[in-house]
Protein chains: 2
Amino acid sequence: MTVNIALLGFGTVASGIPFLLKENGAKIISAANTDIAIAKVLVRDEAEKNSLLAQGHDYHFVTDILDIISDDSVQIVVELMGRIEPAKTFITQALQAKKHVVTANKDLLALHGAELLKVAADNQVALYYEAAVAGGIPILRTLANSYTSDKITKVLGVVNGTSNFMMTKMVDEGWTYDEALAEASRLGYAESDPTNDVDGIDAAYKMVILSQFAFGMTINFDDVRHEGIRHITPADVKLAQKLGFVIKLVGEIVERDSGIYAEVVPTFLPKSHQLATVNGVMNAVFVESIGIGEAMFYGPGAGQKPTAASVVADIIQLSHYISKSETAPAFNTFVRETVYAKKEDLLDKYYFAIETEDKSGQLLRLAELFHAENVSFEQVFQDKINEDVATIAIISHQMDLNQFDSLSDKISNLEGFTLRNTIKVI
Amino acid sequence: MTVNIALLGFGTVASGIPFLLKENGAKIISAANTDIAIAKVLVRDEAEKNSLLAQGHDYHFVTDILDIISDDSVQIVVELMGRIEPAKTFITQALQAKKHVVTANKDLLALHGAELLKVAADNQVALYYEAAVAGGIPILRTLANSYTSDKITKVLGVVNGTSNFMMTKMVDEGWTYDEALAEASRLGYAESDPTNDVDGIDAAYKMVILSQFAFGMTINFDDVRHEGIRHITPADVKLAQKLGFVIKLVGEIVERDSGIYAEVVPTFLPKSHQLATVNGVMNAVFVESIGIGEAMFYGPGAGQKPTAASVVADIIQLSHYISKSETAPAFNTFVRETVYAKKEDLLDKYYFAIETEDKSGQLLRLAELFHAENVSFEQVFQDKINEDVATIAIISHQMDLNQFDSLSDKISNLEGFTLRNTIKVI
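Residues numbered from 1 in each chain as written. Chains lettered and ligands numbered in written order. Predicted model: local features only at pLDDT ≥ 70, side-chain atom pairs only at ≥ 80, totals over all residues. Heavy atoms only, no water.

Engineer: Now, about the layout of surface pockets: what can you tell me, with residues and values included?
Structural biologist: All names here are of chain A. Its boundaries defined by the atoms lining it, the largest pocket holds a volume of some 1600 Å³. Residue lining of the largest pocket: 50 residues in total, with Met81, Gly82, Arg83, Lys106 and Glu191 positioned closest to the centre. Those elements giving two or more residues to the lining of the largest pocket turn out to be helix H1 (12-23), helix H6 (106-122), helix H8 (161-172), helix H10 (195-198), helix H11 (201-215) and helix H13 (304-323). Here the residues of the lining of the largest pocket are counted per class, giving 22 nonpolar, 17 polar and 11 charged. Both of domain 1 (2-136 + 303-323) and domain 2 (144-298) provide at least three residues apiece to the lining of the largest pocket. (1 Å grid on protein atoms, 1.4 Å probe; cavity = no way out; pocket = protein on both sides within 12 Å on 5 of 7 lines; lining within 4 Å. Points joined across faces, edges and corners; volume = space filled by probe spheres on them. Helix = DSSP H or I, 4+ residues; strand = E, 2+ residues; numbered from the N terminus. Nonpolar A, V, L, I, M, F, W, Y, C, P; charged D, E, K, R; others polar. Domains from an automatic or database assignment.)

In structure tokens:
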């Protein structure tokens, strides 16, 4: 038999799919228990269709989604257009037509995943999306299948390749943020508007999806605190190094007695931490659990072939169920009611970089402020920036998130002081 | 419904199973689609049974395997006794009685896996063994389920915790082999006879199993070249560090045009390699493939809870199929005819540590010998050990395995020279 798939979009990732289907034909047929054929490919318009035909691609290109939705021979729809619309409408239509769907669209899943999964369940079909988090790392399927016996307490992730590439340059080469961004743009890692990558938004989307697989809870995107790397200076990086840390943009999800919490923030990571050597555009997800203990899953976060490999693995699994006439199980079956942690249950150490006039008594004012919040200093460093301005860098003892927010607020509002940066310390 | 399991053996790992079943009850029931109960536990004799009862364990202990084999209510047998016999006989009997089997017994699987898998297939039941390789790392299921779309070209593994703990001490602290072994024994990491761990035998067993999942081929255990860490000296470690390497015992499986090859040998790893920071008793498997590219899976290689977590994940998956009355698929469906690589297709650089009389002309004799084999030096270091003896350390350019074997042989037989050590360079 043959399982027919339709691709929505024929960009970089999509065009990696035929490569893998051909290169690994025998292995794929044996795993899927069937042959897999690309029956139709949706492109934007006639111009794109003609251009692709002229390049020698001999697929059955269509420009109307209904040509796919109404085609009963198409059993799996593979959405690789990205963005929210029209992807959301097309996926919904495909699911309603009782076709399984595979997608790598993390923005869509983070914002509308619950709605789409409900449409899938209502129509007894499945929505798989291994490639949506950390492209080439098979992390979602591993959480869904191999952590069934275990209870995850913490997930740490370096899951945005662009910002990790930049932070690697800033740490290893001492580059400024602007230099690192320029190089990331030159190499095509950063888009013309880099906001999603450098401000932690992309990583926050991934935390939403990871929270479902690791904790069975769906954190709202708006509830994922996220802060980016724009304000990190060579001075921050240098001090971190002196103290045995590297700085990375790290996503974290934890479960405390009161519930779960997720954030994406710049983080001081000890050099001996497994995540500290995840460099360049590579991604990794570090998982702590009561059974396995500490584990890490490392690999490419994006790229044509890694992403296509994850997409095709989903297609193979669905094809296997189709070939056996078995119901495809939901991608993730771990579902609990979402309960958010109380801020007082979230304890961390922080680094504060504060600029102030270089005159006596300034450190005392900060010390009073910390003391009033019942937070003590672990280490303090003072550096002259120029004749008039000094930086005071403070590493605090543990405080809860209420204390951190209150302290940050008070320092920001303190006359004569500028809170340049705060970084979590692991 | 309830799926009944029977445990063979109630040692450290087995006693971790009830902990996980209880601690994660709700999650496990939802993933397995059924409750899971420990119906019977096989122990050695009445004395062990009475001792366990006295400790408060209220399982249905039995001392005769037939009490389990002939019990139709037992659907999964979990073998955790270790060693070859009677485990092999008991597993065979259980499979013949159409019970699924879960085991963590890597020695048994490496030596008799093909035979046992055939018995399982003949009886339409499954044999799962995630815990057999790198205890807590879900590597086998990941290779089986997520690499279906991909073609693996190389697997590198730090998969023996004892030897990795020792090498970490030898590298980080400059300890000798004997000092590291003494500490490993003191901490309970090394057995009274450490041969399997320090000579690469245990890691070679794991290469046999990994070869099946990663390459679909079964390498005979006797065909896995293995060499241990006994001969590594502080001088080797120091030179490695000077050149930017750490030394680890690394298992490697590669596929070349002519076929596959596996070995476990001491290896110079560049400090920037992801495996270089896998320290202590931790394990990691590094996978190179044409789709994903480079990925690494890191976690604990042994221990009660990590191993139990992998065993219970297998039990859950089998229970899911039982609950749905579906045929449990084989743990690994990727099978090709095993073809071994030709030695001339296996190219590597090597480090040679050679002791010789400290007199002129000795290096020249070595140079002639390498030249005769058509191998050139990349770097040469000479060190005085005492007044009469010098060490010559050579890092070669690439050579094939025939050249390496021939060179090693010739140096060993060269009058006045002792080949103290050879280490592969990655």
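Engineer: Provide a residue-level description of the interface of chain B and chain A, including the pertinent values.
Structural biologist: Contacts between chain B and chain A engage 42 residues on the former and 42 residues on the latter. Between chain B and chain A lies a buried interface of about 3900 Å² when both sides are counted; carbon and sulfur atoms form 55% of it. Looking at the side of chain B facing chain A, the largest losses of area belong to Lys27, Ser149 and Tyr298 of chain B, adding up to 18% of the total buried there. At the boundary of chain B and chain A, one finds 2 salt bridges. The partner of Glu23 of chain A in a salt bridge is Lys151 of chain B, and the shortest N-O contact between them spans 3.8 Å. For the pair chain B and chain A, the interface holds 14 residue pairs in polar contact (both at pLDDT 80 or more). Mapped onto the side of chain B that touches chain A, the elements with two or more residues apiece are helix H1 (12-23), helix H2 (25-32), helix H7 (139-146), strand E12 (294-300) and helix H13 (304-323) of chain B. (Contact = heavy atoms within 4.5 Å. Buried area = accessible area lost by both parts, 1.4 Å probe. Salt bridge = Lys/Arg side-chain N within 4 Å of Asp/Glu carboxyl O. Polar contact = N/O pair within 3.5 Å; in protein donor to acceptor, adjacent residues only side chain to side chain.)

Engineer: I'd like a description of helix H2 (residues 25-32) of chain A, backed by residues and values.
Structural biologist: Residues and elements named next belong to chain A. Every buried residue of H2 is listed here: Gly25, Lys27, Ile28, Ala31 and Ala32. Take H2 and look down its axis: the buried residues cluster within an arc of 165°, on one side only. Buried residues along H2 sit against H1, strand E2 (35-42) and H13. Among the residues trailing H2, Asn33 stands out with phi positive, at a value near 65°. (Buried < 20%, exposed > 50% of the residue type's maximum accessible area, 1.4 Å probe, protein only. Arc of directions from axis to C-beta.)

Engineer: Please set out the side chain of Thr267 of chain A residue by residue, giving values where relevant.
Structural biologist: Residue and element names in this part refer to chain A. Positionally, Thr267 belongs in strand E10 (residues 259-270). Polar contacts involving the side chain of Thr267 include one to the main-chain carbonyl oxygen of Val265, which spans 2.8 Å. Ignoring sequence-local partners within four residues, the contact set of Thr267 consists of Val246, Ile247, Lys248, Val250, Ile423, Lys424 and Ile426.

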